[in-house]
Amino acid sequence: CNNGYDVQREILDQYPDKPSVLIGGGGTVTLRMLCVGHVMGYRHFHMYGVDSSYAVDGADHAYTKHDGPEIGGGAVMVDGKIYRASAWMVKQAEDFKYWYPKFRGMGCKVYVHGEGLIPDIYRAMNATVRERVAA
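What this report covers is the structure whose coordinates are included nearby.

Analysis parameters
- Residues numbered from 1 in each chain as written.
- Predicted model: local features only at pLDDT ≥ 70, side-chain atom pairs only at ≥ 80, totals over all residues.
- Heavy atoms only, no water.
- Helix = DSSP H or I, 4+ residues; strand = E, 2+ residues; numbered from the N terminus.
- Expected span 1.5 Å × (residues − 1).
- Bend = angle between axes of the 7 residues up to and from the residue.
- Buried < 20%, exposed > 50% of the residue type's maximum accessible area, 1.4 Å probe, protein only.
- Salt bridge = Lys/Arg side-chain N within 4 Å of Asp/Glu carboxyl O.
- Pairing = 2+ DSSP bridges.
- Core = buried A, V, L, I, M, F, W, Y, C linked by side-chain atoms within 4.5 Å.
- Contact = heavy atoms within 4.5 Å.
- Polar contact = N/O pair within 3.5 Å; in protein donor to acceptor, adjacent residues only side chain to side chain.
- Axes fitted to C-alpha atoms, helices over the stretch in contact; angles between N-to-C directions.
- Parallel < 35°, antiparallel > 145°, perpendicular 65-115°, else oblique.
- Left-handed = near helix turned anticlockwise from the far one by under 90°.
- Nonpolar A, V, L, I, M, F, W, Y, C, P; charged D, E, K, R; others polar.

As a further point, take helix α3 (residues 87-105). The terminal C-alpha atoms of α3, which comprises 19 residues, lie 28 Å apart, in line with the 27 Å expected from a rise of 1.5 Å per residue. The sharpest bend along α3 reaches about 25° and sits at Lys-97, with the proline Pro-101 one to four residues further on. Within the span of α3, buried status applies to Met-89, Gln-92, Ala-93, Asp-95, Phe-96, Tyr-100 and Phe-103.

It is worth spelling out the pattern of salt bridges at this point. All told, the structure shown has 5 salt bridges when counted by the stated rule. For Asp-120, the salt bridge goes to Lys-81, with nearest N and O atoms at 3.2 Å. Taken together, the positions of Asp-120 in helix α4 (residues 117-134) and Lys-81 in strand β3 (residues 81-85) put the pair 39 residues apart, joining distant regions of the chain. With relative accessibility at 15%, the residue Asp-120 sits in the buried group. Taking relative accessible area as the criterion, Lys-81 reaches 40% and is therefore assigned partly exposed.

Let's shift gears to the pairing of strand β2 (residues 74-78). In terms of strand pairing, β2 meets β3 through 5 bridges, oriented antiparallel. In the strand pairing of β3, Met-77 is matched with Ile-82. In sequence, β2 turns back onto β3 through a hairpin of 2 residues, with Asp-79 there showing a positive phi of about 50°.

Here the focus is the nonpolar core. Ranked by size, the top nonpolar core spans 19 residues in total, and within it Met-47, Phe-96, Val-110 and Val-112 carry the most contacts. Mapped onto this core, the elements with two or more residues apiece are α2 (29-39), β1 (44-47), α3, β4 (109-112) and α4. It is α4 that provides the largest number of residues to this core, a total of 5 residues. Leave out the neighbours within four places in its chain, and Val-110 touches Leu-34, Phe-45, Met-47, Tyr-100, Phe-103 and Tyr-122.

What follows concerns the side chain of Ser-53. On the secondary structure map, Ser-53 appears in the loop between β1 and β2. Note on Ser-53: relative accessible area 4%, which makes it buried. Within the structure, the side chain of Ser-53 is placed 3.2 Å from the backbone nitrogen of Leu-117, a separation counted as a polar contact.

One can describe the packing of α2 onto α3 by two numbers: an axis separation of 9 Å at closest approach and a directional angle of 25°. Taken together, the axes of α2 and α3 lie roughly parallel to each other. In the crossing of α2 with α3, the sense of the turn from one axis to the other is left-handed. In this structure, α2 uses Thr-30, Leu-31, Leu-34, Cys-35 and His-38 to contact α3, whose residues at the interface are Gln-92, Asp-95, Phe-96, Trp-99 and Phe-103. Classifying every residue of the contact of α2 with α3 by side-chain character gives 6 nonpolar, 3 polar and 1 charged.

Purely spatial values, then, with no claim about function.
This is the structure in structure tokens:
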């Protein structure tokens, strides 16, 4: 998946005299912000509110969305814990599992705060790293 690279390239090719850059990094702003920040020179990131799952009370956002509650959603299990999430939330969590090690490998420090699917994946991935270092 090229996340629309071809379409972006076609648009930018129409303006060869304009400086431009294509920045990838996942299909949501949660993950894209890591790439944008990296291009801007940042190497430490603190992520808040990226639970990527519904709250226990069923809320899908911390605020009332202009388009109402999300439709659909299902259950996903990670390390024996069940999370309620929509398809886009699960995809975002899968993308996080791909991108997080890449940013660590580039020397970035990424910290995920809070509760939910992505914060728990983050903690599990870091526990695995600590276990390998201790062995």
